[in-house]
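# Commentary on secondary and tertiary structure
Listed here are the chains, written in short residue letters.
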Amino acid sequence: MPPQIYLLAVLVALLVGLAVGKAWERYKLRDGRWIDRRRLRETPHYMLGLNFLVDNQVDQAIEELTHATSTDTDALEIQMILGNLYREKGQVGRAINVHQALLQRPDLTKLEQAYVLLCLGLDFRHGGFVDRALETFHEVLRLDSRNRYALVNLQKLYEDQHQWTEALRVREQIAKIDAGRSPDDQQILGFLRNEIGVAHQRAGNMGAASRAFTDAIDVDARTVPAYLNLGDVREQQGDLAGAIEAWERLIGALPDRAPFALERLEGAYRRLGTPQRFTDLCRRLIDRDPQGWRARLALARHLAAAGQHRIAFDQLLEALPSHPHALAIHQEIWEVLASLGFEAALIRRYVELAREAVFYLDPHICRRCRYRSTEPLWQCPQCHEWNTFVEERIAPAKDAVAAQAVDARS
Ligand SMILES: [Zn+2]
C-alpha cells in the first residue's frame, strides 16, 4: 500500500472514531438551531461513501460523500474526508480550499482544529509547499503537542531537506510518546544519528563525525552504516587498527551484514601485512552461512589475486546455484576461467550448473513497497522507510514451480 493511502486509512479511522464519539450527543447546537445528526446516517450516501473509501474507489467515494453533505453541509468529518480524497486524486488546490474553509468555522473545538490543520499540512506536503507544510504541522503541535501524525510528517519533511538534526529531535519526541511500544524508534534514531555523522564527515569535522557514529551504534547496534563510516573516519585519521576494530565489530554484532565490511577489511589487512586474516574471516563466514555467496565471492577474488585460481573457481561454483542472478559471480568465473586458459572441462561444469538455475534481475528489494535496487540501500527512495532492503533468495529451476505456488498464495 503506498504511504499516502496508508496515512489516509489511519486518518479515516481517526475521523470515524471522532464521528462515533459525536453520535453520543446525536444532536448538536449549531448556528442557533438543533441539527439531527442521525439524519446523516439515514442517507445511504454516507455509508456507501465510507464503503467505497475502504475499497479504495476514490471517485465513487467522492460522489457519495458529496451527496451526503447536501443533507448536512455542516458535517465536519465528511468535509475533511472529501478534502483528503481530492488530495489523493492529485487535486491539491481543491483539497487546500476545502480544509482552509473548514478552519474558518467559528465553533471548532481544539481537537477538531488540530485535525483539520493536520489535513491541511498533508495537502501542503503533497503539493510540495515545504515551508507552509512545516508551519502547519508546527501549528498542529501547538494545539496538540503529542500528535504523532504531525510529528511523523515533520520528521519526513526534515529528512527530505537533509536537516538531520531537526529530524532527530522530532523522532526523539515520537520515541518518547511511543515509550518503547514501537520497535522501529531505536533503529530510526540510529540511522538519523548516522546521517548527522555523514554530514560532519563531509564537512571535515572528523571528531564530531566519530562521536555521531559511535552514538548511532550505542542507540541501536543494528545501524550498519555507522560501523562502516566510523572505520572510514578512523582510517582517514591514520588509525588503521581502530578502523579494523570498527569493521570487525560490525561482523561480531551482525554476522548477516558482514559482507558490507569485507572489501574494507581486505584492504586494511593487506596494508597491515596480514592478508591471511582475510582468508580466515571469509572461511568463518562461509562455515556460519554456507549459502552466503558474498563471502565466497570475496574469498574467490582474494584467492584469484594470489594466483590460486582453481580453489577460487570451486568457491564460485559453490556460490552460483543459490544466487544465479548475481552477475558479479559470473563475471568472476569468466575472469578465473581466462586465467586457467579456458579449460574445456571447467567451462562444461559451469555451463551445466548455470543452466539449472533461474536467472533473475535486481537482487535487492524493499520489504515495504517492493522497490527494486541492485544496490543495498539504507533508505528506500520510493517509500522513504529505513532499512527495509532484503536480498531476494531464488530457488533453483527445479523448485521454481513450487516457489510460484507459494507466491500465488501469499
Ligand atoms: Zn520502499
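So, how was this worked out
Residues numbered from 1 in each chain as written. Predicted model: local features only at pLDDT ≥ 70, side-chain atom pairs only at ≥ 80, totals over all residues. Heavy atoms only, no water. Helix = DSSP H or I, 4+ residues; strand = E, 2+ residues; numbered from the N terminus. Buried < 20%, exposed > 50% of the residue type's maximum accessible area, 1.4 Å probe, protein only. Contact = heavy atoms within 4.5 Å. Donors = N, O, S within 2.8 Å, 3.2 Å for Na, K, Ca; no water. Tetrahedral: all angles 85-135°; square planar, octahedral: opposite > 155°, others 65-115°. Pairing = 2+ DSSP bridges. Phe/Tyr/Trp six-rings, centres within 6.5 Å; stacked < 30°, edge-to-face > 60°. Axes fitted to C-alpha atoms, helices over the stretch in contact; angles between N-to-C directions. Left-handed = near helix turned anticlockwise from the far one by under 90°. Nonpolar A, V, L, I, M, F, W, Y, C, P; charged D, E, K, R; others polar. Core = buried A, V, L, I, M, F, W, Y, C linked by side-chain atoms within 4.5 Å. Salt bridge = Lys/Arg side-chain N within 4 Å of Asp/Glu carboxyl O. Lys, Arg positive; Asp, Glu negative; His and termini not counted. pLDDT = per-residue confidence, 0-100. Expected span 1.5 Å × (residues − 1).

### Details of the overall build of the chain
- The helix and strand inventory of the chain stands at 21 helices and five strands.
- Burial statistics for the chain: of 410 residues in total, 47% are counted as buried.
- Counting only contacts in the chain whose residues sit at least 6 apart along the sequence, the fraction spanning at least 24 positions is 50%.

### A look at the coordination of the zinc ion
- The protein atoms donating to the zinc ion are Cys366 (SG), Cys369 (SG), Cys380 (SG) and Cys383 (SG), with metal-donor distances spanning 2.3 to 2.4 Å.
- Coordination at the zinc ion is tetrahedral: its four donor atoms span angles of 106 to 117° at the metal.
- For the zinc ion, the single-chain donor residues occur in sequence as C-x2-C-x10-C-x2-C. On the criterion of sequence distance, the pair formed by Cys369 in the loop between strand S3 (364-366) and strand S4 (372-373) and Cys383 in the loop between S4 and strand S5 (389-391) is long-range, its members being 14 residues apart.
- You can call Cys369 partly exposed: its relative accessible area is 23%.
- What makes Cys383 buried here is its relative accessible area of 6%.

### Thoughts on unusual backbone geometry
- Positive phi outside glycine occurs at Ala179, with the angle close to 50°.
- Here Ala179 lies in the loop between helix H10 (164-178) and helix H11 (184-202).
- In this model, Arg370 sits at a positive phi of 65°, which is unusual for a non-glycine residue.
- Within the secondary structure layout, Arg370 lies in the loop between S3 and S4.
- The exposed category is assigned to Arg370, whose relative accessible area is 52%.

### Comments concerning the sheet that holds S4
- Pairing is antiparallel across the open sheet formed by three strands, whose spatial order is S4-S3-S5. At either margin of the open sheet sits one strand with a lone partner, and together these are S4 and S5.
- Relative to S4, S3 runs antiparallel, the two being bridged by two bridges. By the bridge assignment, Ile365 is partnered in S4 with Arg372.

### Details of the packing of aromatic side chains
- Taken as a whole, this structure holds eight aromatic pairs when the rule is applied.
- Note on Trp334 and Phe342: the rings are 6.4 Å apart at their centroids and 45° apart in plane angle, and the pair reads as tilted.
- A relative accessible area of 37% means that Trp334 is categorised as partly exposed.
- Summarising the aromatic geometry, the rings of Trp334 and Tyr350 are spaced 5.4 Å apart at their centres and angled 85° between planes, so their arrangement reads as edge-to-face. Here Trp334 is found in helix H19 (residues 327-339), whereas its partner Tyr350 is found in helix H20 (residues 344-355), with 16 residues between them in sequence.

### Structural notes on the packing of helix H14 (residues 240-253) against helix H15 (residues 259-272)
- In contact at an axis separation of 10 Å, H14 and H15 are set at 145° when each is read in the N-to-C sense. Of the two possible hands of crossing, H14 and H15 adopt the one that is left-handed. The residues of H15 that touch H14, namely those facing Leu240, Ile244, Trp247, Glu248, Leu250 and Ile251, are Ala261, Arg264, Leu265, Ala268, Tyr269, Arg271 and Leu272.
- Tallied by class, the residues present in the contact of H14 with H15 amount to 10 nonpolar, no polar and three charged.

### A closer look at the nonpolar core
- Of all hydrophobic cores here, the largest spans 53 residues; its most connected members are Leu265, Phe313, Ile329, Ile333 and Tyr350.
- Residue contributions to this core peak at eight residues, all from helix H17 (residues 293-305).
- The next biggest cluster of nonpolar side chains, apart from the first, holds 39 residues, and it includes Ile96, Ala133, Val140 and Ala212.

### What about the pattern of salt bridges?
- For the structure shown, the criterion picks out 21 salt bridges.
- Among the ionic pairs, Glu248 bridges to Arg277, the shortest N-O distance being 3.3 Å. One end of the pair, Glu248, is in helix H14; the other, Arg277, is in helix H16 (residues 276-288), and 29 residues separate them in sequence.
- Ionic pairing is found between Glu391 and Arg294, a salt bridge with its closest N-O pair at 3.3 Å. With a gap of 97 residues between them, Glu391 in strand S5 and Arg294 in helix H17 connect regions that are remote in the sequence.

### Quick look at the environment of Thr136
- Among the secondary structure elements, Thr136 is positioned in helix H8 (residues 130-143).
- Take Thr136: its relative accessible area is 6%, and that puts it in the buried class.
- Once you skip the residues sitting within four places of it in the chain, Thr136 turns out to touch Leu117, Leu120, Gly121 and Phe124.

### Let's talk about the side chain of Glu64
- With respect to the secondary-structure elements, Glu64 resides in helix H4 (residues 58-71).
- Of the side chains with opposite charge, Lys89 comes closest to the buried, unpaired Glu64, at an N-O distance of 14 Å.
- Not counting residues up to four positions away in its chain, the partners in contact with Glu64 are His45, Leu48, Gly49 and Phe52.

### Points about the confidence of the model for the chain
- Considering every residue of the chain, the mean pLDDT works out to 86; 83% of them sit at 70 or more.
- Overall, residues 20-35 carries pLDDT values under 50, and its contacts beyond four positions in sequence, including any with other chains, amount to 27 contacts.
- For residues 399-410, every residue scores under 50 in pLDDT, and the model assigns this stretch two contacts once sequence neighbours within four places are set aside.

### Comments concerning H11
- The terminal C-alpha atoms of H11, which comprises 19 residues, lie 27 Å apart, in line with the 27 Å expected from a rise of 1.5 Å per residue.
- Following H11 by one or two positions, Gly204 has its phi on the positive side, about 85°.

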